[in-house]
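# Structure at a glance
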Amino acid sequence: MRRSALLALACCTLAPVFNPARADDPPPVEMGALARGFALPAVGRPEVLTPGALRQRVYLNDTNEYTARDNADESILLDGEATLLTYEVRYGLTDRWEAGAYVPLLSQGGGFLDSIIQGWHSAWGLPQGGRDEAPKNKYRYLYVRNGQTLLNVDQGSVTFGDLRLTTGYQILPNLAARAMLQLPTSDASHLSGSGAAGGAAWLDGAVPLSGWLHWLKLYGSMGYSYTGTGDIISGQQEHSLLFGAAGLGVQFTRRWDAKLQVYFHGAPYKDSGLAALDHVAAPLTVSTSYRVTPKTAVSLGFQEKANIFASPDFGVFLGVTLD
């Protein structure tokens, strides 16, 4: 029911703003519930907007994760699905500067993707990670360490995530420096964030290819993130994380393009032997965009984990980018 409401809200949001836009933004990346509160921004934008340009993005993203692991001292269960409706706006201030904001609305619960994901993994020979033996469409986040329960959330919710304010500066053609301030507008008790403020700084660069490879574009990003002490497993939380991405853009026609991107970030927690807490995460996204008009693009795609247990299992998204 909550997801139906978010889908209806997305349609209502898009209806009045479905005007001209460009399809040059990277695909969205959704973190797992325990990494959601960290200041980890979207990356892959090597150019800032021109003065006076206004760009808006509305995305509906549904992401599912399942992990059940234990060792002699710890046990963890991460089982849930999150539907994220986001509105992002960016504005070109000068020839080199832009500013922006990102507002997320998050619905969490048991979801409906469990059986679909299990079939997808079977079809491609991917590991199930215990998903095939677990009850379907359940919601539970539980972490026990040395007999002490440090996390126990089993009620779904609809809450706002963390508000993000961004800026970008064009250093060189195809190279931009960017920064982000994350404000704790989320609810840590419902895992929509950690309850802590944070920030990040990073570089976005691209290498457009020439000659017969002019239809390809390589891009990459690297940055540093800092997040204050939150309310989720705070005793083991890391504050400083490195993050980045590498991607390949393919321009099939003037209206149609696609992207393959691998995002990565450092382990968000320490002093654990469980991959869900202390391993580098590397979600992989594949997306395609079509320019409905010269300035309006509709995008869709999916996300899959590139390393088992450390990233969400699967996600799908639909969005509109417009100027």
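Keep in mind that what you see is a predicted model, and the values were worked out from it rather than measured.

This part is about the side chain of Arg90. In this structure, Arg90 sits in strand E2 (residues 74-92). We classify Arg90 as buried; its relative accessible area is 3%. Engagement of the side chain of Arg90 in a polar contact is seen with the side chain of Glu98, the distance being 3.0 Å.

A surface patch of nonpolar side chains, amounting to about 390 Å² of accessible area, comprises Leu54, Tyr91, Leu93 and Trp97. Of note, Leu54 is situated in strand E1 (residues 54-70).

Enumeration over the complete set of coordinates arrives at 9 salt bridges. Residues Arg55 and Asp323 are paired through a salt bridge, measuring 2.9 Å at the closest nitrogen-oxygen approach. Placement of Arg55 in strand E1 and of Asp323 in the segment after strand E15 (314-322) is noted, with a sequence separation of 268 residues between them. Owing to a relative accessible area of 3%, Arg55 belongs among the buried residues under this scheme. Arg57 is the partner of Glu88 in a salt bridge, and the nearest nitrogen-oxygen pair spans 3.3 Å. Of this pair, Glu88 sits in strand E2 while Arg57 sits in strand E1, and the two are 31 residues apart along the sequence. In this pair, the class of Glu88 matches that of Arg57, namely buried. One salt-bridge network, in which partners are shared between bridges, spans Arg90, Glu98, Arg178 and Asp204.

Phi is positive for Asn146, which is not a glycine, with a value near 50°. Located in the positive-phi region is Asp271, a residue other than glycine, with phi close to 55°.

Glancing now at the nonpolar core. Membership of the largest hydrophobic core comes to 30 residues, with the highest contact counts inside it found for Leu34, Ile76, Tyr141, Leu151, Leu191, Ile232 and Ile233. No other element matches strand E11 (residues 240-251), which puts 3 residues into this core. With residues near it in sequence (within four places) discarded, Leu191 still touches Ala33, Arg36, Leu106, Gln108, Tyr139, Tyr141, Leu151, Val153 and Ile232.

What follows concerns the environment of Glu81. Looking at the secondary structure, you find Glu81 in strand E2. When its relative accessible area of 1% is taken as the criterion, Glu81 is described as buried. A distance of 2.8 Å separates the side chain of Glu81 from the side chain of Asn64, its partner in a polar contact.

Cut-off values and rules
- Residues numbered from 1 in each chain as written.
- Predicted model: local features only at pLDDT ≥ 70, side-chain atom pairs only at ≥ 80, totals over all residues.
- Heavy atoms only, no water.
- Helix = DSSP H or I, 4+ residues; strand = E, 2+ residues; numbered from the N terminus.
- Buried < 20%, exposed > 50% of the residue type's maximum accessible area, 1.4 Å probe, protein only.
- Polar contact = N/O pair within 3.5 Å; in protein donor to acceptor, adjacent residues only side chain to side chain.
- Patch = residues over 30% accessible without salt bridge, like charges linked within 9 Å, V, L, I, M, F, W, Y side chains within 5 Å.
- Areas by Shrake-Rupley, 256 points an atom, 1.4 Å probe, with all protein chains shown as cover.
- Salt bridge = Lys/Arg side-chain N within 4 Å of Asp/Glu carboxyl O.
- Core = buried A, V, L, I, M, F, W, Y, C linked by side-chain atoms within 4.5 Å.
- Contact = heavy atoms within 4.5 Å.

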